[in-house]
Amino acid sequence: MSTASAAPAALEFRGAAPWRRALRLHGWTVAVWLVLLAMVPYWRSLSEGDFKFDLQALAIDALPLCFAAMAQAIVVISGGIDLSIGSLMAVVNVLSAREMVDMSVRQALAFSLLILVLTALASGLTGLIIVLTRIPDIVVTLGMLFVWQGVALWIMEIPGGGVPVSFGDLAVGDVGSTGIPNALVAVFVALLVLWVPLRWLRPGLAIYAVGSNRNSAYLSGIGVARTRVGAYMLAGLFTGLGGLALSASSGIGDPNSGATYTLNSVAAVVLGGVSLLGGVGGLVGVIAAAYVLTLSKIILLLRGTDPNYANVYQGALIILVVVIGGLITRKTRS
Amino acid sequence: MTVVPEALERESRLDVVRRFLVDNPVVVLVGVLVLLFVLTDLVNRHEAGEPFVTWNQLSTTFLVAAPLGMIAAGQTLVMLTGGVDLSVAFTATAAAFATSWQGGNGTVQGILAGLAVGVGIGLANGIGVGVFRVNPLIMTLGTSSVTFGLLSIYAGRSFEKVVPGFVAGLGSDRFFDYLPANLIFWAAIAALLILGLRYTGYGRMLYAVGDNEVAARLAGVRVWQVLVLVYALCGLFSAFGGLLLVGFTNNPDLGLATPYLLQSVAAVVIGGTSIFGGWGSYSGTIVGVLILTVLGSLLTLLNADEWQRQVIYGAIIIVLTAIYARVSGAE
Amino acid sequence: MEGAASRRPLRFVRGAVNSTATPLLEARGVAKHYGPVVALRSADLSVSAGEVHALLGANGAGKSTLVKCLTGVTRPDMGTISVAGRQARARSPMHATRLGLSPVFQDPALVPDLSVTQNLRLTGSSVDAVRSQLDEMRLKVSFRELVGDLPLPILRMLDLARALTHDPQLLILDEITAALPSDLAERVFDVMRDRRERGRSVLFITHRLAEVIATCDRATILRDGRNVGTMVPQEGGEARIVEIMLGPEAAKAEAEASRRDEPEAEPAEAEGDAVLELNDIRVGGVQGISFTLRRGEVLGLAALEGQGQDELFEALAGQRKLEGGELRVRGKAFRPRHPYDAIRRKIVLVPPDRLLALLPQRSVRENVAAPLYNTPLRWGPINMREEGRRVRRAVDALQIDMRAARQVRRLSGGNQQKVTIARWLASGFAALLCNDPTRGIDVGTKRQVYALLRELAADGGAILFFSSELAEFPLVCDRVLAIYGGRLTAELAGPAADEATLLQAMHGLELDEAVA
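None of these values were measured; they are calculated from a predicted model. (Residues numbered from 1 in each chain as written. Chains lettered and ligands numbered in written order. Predicted model: local features only at pLDDT ≥ 70, side-chain atom pairs only at ≥ 80, totals over all residues.)

1. Some thoughts on the nonpolar core
- Core analysis: the biggest nonpolar cluster contains 375 residues, and Leu63, Ala69, Val286 and Ala290 of chain A together with Leu433 and Ile463 of chain C have the highest contact counts within it.
- Here this core gets 18 residues from one element, more than from any other, and that element is helix H11 (residues 223–249) of chain B.
- Non-local contacts of Leu433 of chain C, meaning those with residues more than four positions away in its chain, are made with Phe313, Leu316, Ala317, Ile347, Val348, Leu349, Val350 and Leu464 of chain C. (Core = buried A, V, L, I, M, F, W, Y, C linked by C-beta atoms within 7 Å. Buried ≥ 20, exposed ≤ 12 C-beta atoms within 10 Å, placed from the backbone. Helix = DSSP H or I, 4+ residues; strand = E, 2+ residues; numbered from the N terminus. Contact = placed C-beta atoms within 7 Å.)

2. Regarding the environment of Leu171 of chain C
Residue and element names in this part refer to chain C.
- Relative to the helices and strands, Leu171 resides in strand E8 (residues 170–174).
- A sequence separation of 30 residues divides Leu171 from Ser201, and the C-alpha atoms of the two residues are 6.3 Å apart.
- For Leu171, the contacting residues outside a window of four places in its chain are Ser102, Ala163, Arg195, Arg200 and Val202.

3. Observations regarding unusual backbone geometry
- With a phi angle near 60°, Arg134 of chain A is a residue other than glycine that sits in the positive phi range.
- Assignment of secondary structure puts Arg134 of chain A in the loop between helix H4 (105–133) and helix H5 (137–155).
- Phi is positive for Gln399 of chain C, close to 55°, though the residue is something other than glycine.
- With respect to the element layout, Gln399 of chain C can be found in the loop between helix H15 (384–398) and helix H16 (413–427).
- Overall, Gln399 of chain C belongs to the partly exposed group, with 14 C-beta atoms counted inside 10 Å.

4. A short note on the pairing of strand E12 (residues 274–283) of chain C
Residue and element names in this part refer to chain C.
- By the bridge criterion, seven bridges tie E12 to strand E13 (residues 286–294) in an arrangement that is antiparallel. When the sheet's bridge partners are listed, Ile281 is paired in E13 with Ile289.
- Count of turn residues in the E12/E13 antiparallel hairpin: two residues, of which Gly284 carries a positive phi of about 60°.
- Direction of pairing for E12 relative to strand E15 (residues 324–329): antiparallel, over a ladder of five bridges. Directly across from Leu278, in E15, lies its bridge partner Leu327. (Pairing = 2+ DSSP bridges.)

5. Comments concerning the sheet that holds strand E17 (residues 347–350) of chain C
All names here are of chain C.
- Within the open sheet, the six strands sit side by side as E17-E18-E19-E14-E20-E21. Their pairing is mixed. On the outer flanks of this sheet lie E17 and strand E21 (487–493), each paired with one strand and no other. Each neighbouring strand pair of the sheet contributes to a mean axis angle of 20°, computed without reference to strand direction.
- Sheet topology places strand E20 (residues 479–484) next to E21; six bridges connect them, and they run antiparallel. Opposite Val480, over in E21, you have Leu492 as the bridge partner.
- Lying on the sheet, helix H11 (residues 309–316) is in contact with strand E14 (298–303), E17, strand E18 (431–435), strand E19 (462–466) and E20; it crosses E18 at an angle near 150°. (Axes fitted to C-alpha atoms, helices over the stretch in contact; angles between N-to-C directions.)

6. Observations regarding the domain arrangement of chain C
- What the domain assignment lists for chain C is domain 1 (23–107 + 170–256) and domain 2 (274–506).
- For domain 1 of chain C versus domain 2 of chain C, the separation of C-alpha centres amounts to 31 Å. (Domains from an automatic or database assignment.)

7. As for the environment of Val146 of chain B
- Counting through the fold element by element, Val146 of chain B comes out in helix H6 (residues 136–156).
- It is 24 Å that separates the C-alpha atoms of Val146 of chain B and Thr81 of chain B, two residues lying 65 residues apart in sequence.
- Residues in contact with Val146 of chain B, not counting those within four places in the same chain, are Val312, Gly315 and Ala316 of chain A.

8. A look at the pairing of E18 of chain C
Residue and element names in this part refer to chain C.
- Judged by how many residues are buried, E18 sits mostly within the fold: five of five residues are covered.
- On E18, burial covers both faces: Ala431, Leu433 and Asn435 on one face and Leu432 and Cys434 on the other are all buried.
- The pairing of E17 with E18 spans four bridges and is parallel. Note on E18: the bridge partner recorded for Ile347 is Ala431.
- The pairing of E18 with E19 spans five bridges and is classified as parallel. In the strand pairing of E19, Ala431 is matched with Ala462.

Right under this line is the structure:
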C-alpha cells in the first residue's frame, strides 16, 4: 500500500465553534424564557388584580400542565412519545380524590407517595409493553389511553370526592410570606430532586443517547430496553405529580380531567425546545413553555375574548411558534 | 456472471403459508373479522334469542361503519406518508356544520360548502407540514384547536340548520331494505382509492415519500407537493365522513365526530398500515373499520359499561397490532 | 470512571506465542438464518494469537453475520465459539469486549447528540485513555464537540481508539477502511501492525484485496455461508483470492470478462458534444474548478477525503446551492435548485450511500420506476405495460437478481446498488454522476458495474465517476482529473492513472511523468 509522502504531523479536526454549540444546546430554552418574561408586562397591564394574587392563579393553573409536559419531555427525549399521560393523570386524580376524602394531611401525603410509586409502575408497564412487543409507541400509548380512561371511569363515574384542605394548600398556597406560589416552587423542587441528579450522569445520558440513535447506543453497550422502560417510569413519577396537582388544585376528582393534557403536553414539549425525534432538549425550557401556554390563555381571557376564541388563538399560536422555531433550527443547523 | 447473493433454502409448506400471510395481511384480518361476527352472533343468540348475522344487522353494521370508513380513508393516505392527522374529527364536524348552514340555500350549495371547508382545513394542514415542515402531530393539533374554537363560536349562534335532503338520504337510506346508500358511496370511494394507490403515479409517490423522503427527493420528487395534496385529500374525506354522519343523525352537533379521531387511527393501524409510512393499504383499513364497528356492537350487546368498553378497546388495539407485528416478522 | 483499568479483559493463559498452539478465537459450524434466508450455513474461523487475519467474501457470503455472532449482536442458531480454548459466546457487544473481543463497526457506536466526552462516559471508557490512543495515532480532536458535528472518518478513528483502550486480544475491524481517506487508513494499518507486534490479533473484514495482500498474514474466505478456504494472501495474490471467493466456474467467467474490460492502451479521445460544462465552480471545499464532460466518455475525479467532491456532486445534481461559478448543460445555462431541475435536464446522480437513494419497503419495480412520476403531470394512471417494459429492460441490462424483488431491503448490497443505477437506465439520462458507486459491494458486482459504465459511455452517455478505491480509475475511466486544495491539479489519461501517480496528484504534488 503506497504511502502518502509526507507529514506525520498530527491531524486536527474541529467541529462547530463553541458559541455555536452553546447556542444550539441552550438557545431555545433561553428564548422561551425570554418570551415568557416579555409576556409579563403585557399581562400586568391588562390585569387589575394584585400581582401576588395573579401570580398565584397562574402558577396553580399551570401546575398540572407543567408536570404533564415534563413527563412527556422525558419520554420524547428517550425517543418515544406517550399519548396516555392525560388519562393516567385522570386516574391519579380520581383515585386520590376518592381515597383522600376522609384522610388527615399526614395520611394524604403518605398516600400520595404510594400513588407516585404506582404511577411510575403503571407507566413502566406501558414502556415494558412497548419494548417487548416492539409495537410503535404511538400505537401502544394510544391503546393505554383507552385503558386508563376506562380505569378512571371505573374508579369514579361522576366527578366527586375531595382532598384534605391543607393538602390542597400545598398547591394553592404560597411559601411563608414571600408570596412565591407553592405551585411554582413545587415544579422546581421536582426538577431538582427527580431530574437534575440523573440528567448529567449515566442514567440521564443513556436516555439522551437512546433517543439520539438507538442503534449506536446499543452498539456502545447501553442497555437500550432498560433505559427506555426507565424513561417511562421516571416520566410516570411526573405524571403522578400532575394528577396529584389536579386533585390539590381543583379539590375534586373528575374522570374526564385529563383529556386536554396529553396533547397540550406535546405542544409544550415542542415549544420548549425538545425535538420530537429524541436526544435533544431539556426540561427547563419545557417548564417555560407550559407557562407560556397557560399565560397566553389567561391574557386572552383578560382581554375579554370569548373563551372559544381563546382556543383558536392558542392553536394558531402553537403553529406559529413551531413554524418559526423550525426555521430558526434549520438556520442554526446549517 | 452473477454471484449468488442470498442462500434461499427450499421452504417448507408452513413457511410458504407464513409468507403468504405476511404479504397479504388482509387475509388474517378478515379471519379476525369473521371470528368477531361469529362471536357476536353467539352472544346475540344468548342474550336476545336472535342471530346477529342477519341481513338487517349486516346492513346496519355497514351503515354505521361507512362514516368511519371515510374518515379512516383520509387517515390512511396521510399515514402512508409517515404522518398523522389529528384534526379529522373536527374537520368532519366543521364540514357537517357548513353543510347545514348552507343547506337552506340549496343542496348543491350545502354539499359544496361542506367539502370546501374540509379541503380548506386540509390545505392548511398540508401547507404547514409540506411547506413549513411543521411536525404533522403539532400542525394538525393546532388546526383542530383552531377549528374547534371557531366551531364553538358558530355553534353558539343560532342559525337555521338544514340538512339537505340528499345528504340525509345518503346518510340513512337503504335501498331494497338492506343496501345502505352510504355503502354504495363507500364502495365507490374504496374502489377509487385502492386502484388509485396501486395504479397511479400519485399513489406511488405517497408510498415513496412515506418510505424514504430523502430518496424520493433525490428522485426529483418535490415532496411538498405530495404532502399538500395528501392533507387536502384527507380533509376532503373527513368532510365526506362528516356529511354521512350528519345525514344519519340529521343534527349537527359539536361532539358529532369526536370519537372518530382515535378510531380512525386505530382502524388504520389495525389494518396493517405502518405508522412510519411506506407500507399499507386501504383494503386493510376497511377491514379494520369493520372490526371496530362489530366490536362496538359486541360490547353493546354485552351491556358493557363505558369503562369496560374503553379498556377493551385499548387492549384490542395493542393485542391486534402485536399479533400483526409477530406474523409479519417486523424487525 | 477509570474504565480501562477496571475493565481489563480476562487474562488468558500466556504460553509461547505459537500459531499452532490453541487458537485465540475459534468458531466452528456457526449457523444463522433469518426466516427462510440462510445467512450462515456452517462457518468456521480460526484466528491465532499475534496475527492479522482477513475475513473475505462476496456480499451475502455471511461475513457480517459471522461478525455479529462473534460480537454478541446476534445469537447464532448453531455452532461453537471458543476464546483461548474455552467455550464462550458473547451475549452483547459489551460482553464481547469483556471476553477480549473488541469490535469496531462500520457505524460508529457514538450517538450524535451528545459530546465525545459524554459518549465515552456513558460506556465507561476513560477519556484520558482514549485521548492517549488518539495521540499515538497522531490525531487531535476536541472532546467537547458534539459527535454529530464530526465527520464519519473521525468517528471511526474515535471508535477505534476506544476499542484499543481495552487492549483487546482480538480487535475486529468491520470494513473500517471503507470511505476512509488514505491518510487515515494508513494510521489504521499502523495500528494493526502494532497489535501484531504485541502478540495481539486483528480480524480485518474488507472488500479491498490490495489492502489484504499488503497487511494480512492469513485470510479466510466465505462463500454461501461457509468457509471455502483459508490461505496466505501473498501466496496467491488477488487472482487466487477472487477465484476462491467466486468459486472456480464463476472465476473463470470473471477472468474472461475482465480481459474484455481492459481499456485500450490509447484512450479513446472523446470528441462527443459537451454535455456538462463547469466554469470556475465554487462549492464546499472546491474553490474554482472548470472542466467539460462530454458524450461517450467516462471522466474520473480523484481526490482525498473532504476535498469537496461530495459537495460538487450534490451541486451538480441539484441538492446544493453553488457558491460561485457557472454551469451549462448542452450549452444552455443550468442553475438547479432542486434535484428535479437536474433530472429534468437529464443530469442524474448515483449517491455514495445507497440508503439515500432506495425505498426499502417498496419493490424493485417501484424503485426503478420512481423518477418517472416525480412531477404532478405524471400523477395520473400508470401505463403498466410501458412501465413494465422499461423496468425489465433496465433490470436485464444490470442483471439484477429478482428473487427477493418484493422489497428492496431484502436484496444484497450489490443488487441494491444495481437498482440505484437501474432507475436511471429506465428514465434515461444524458450525464450519469456516480459518486463512489462501488462502495461496499462485492468483487463480482463491481466488475459488472465497471463493464456497464464503459458500455453506457460507448453508447453515448456521459459519465462522471468518483471512487475511493484508486485501483478502479484505470479500469473505468477515459480521463482522470485530480482535485487538491480546491482546484484541479492534474489531468491524466485513464490507463496512465495508476495508483502512485494518482496519489501524487491527489496530494497536489508534481507528477513524475508529463501529464497526458
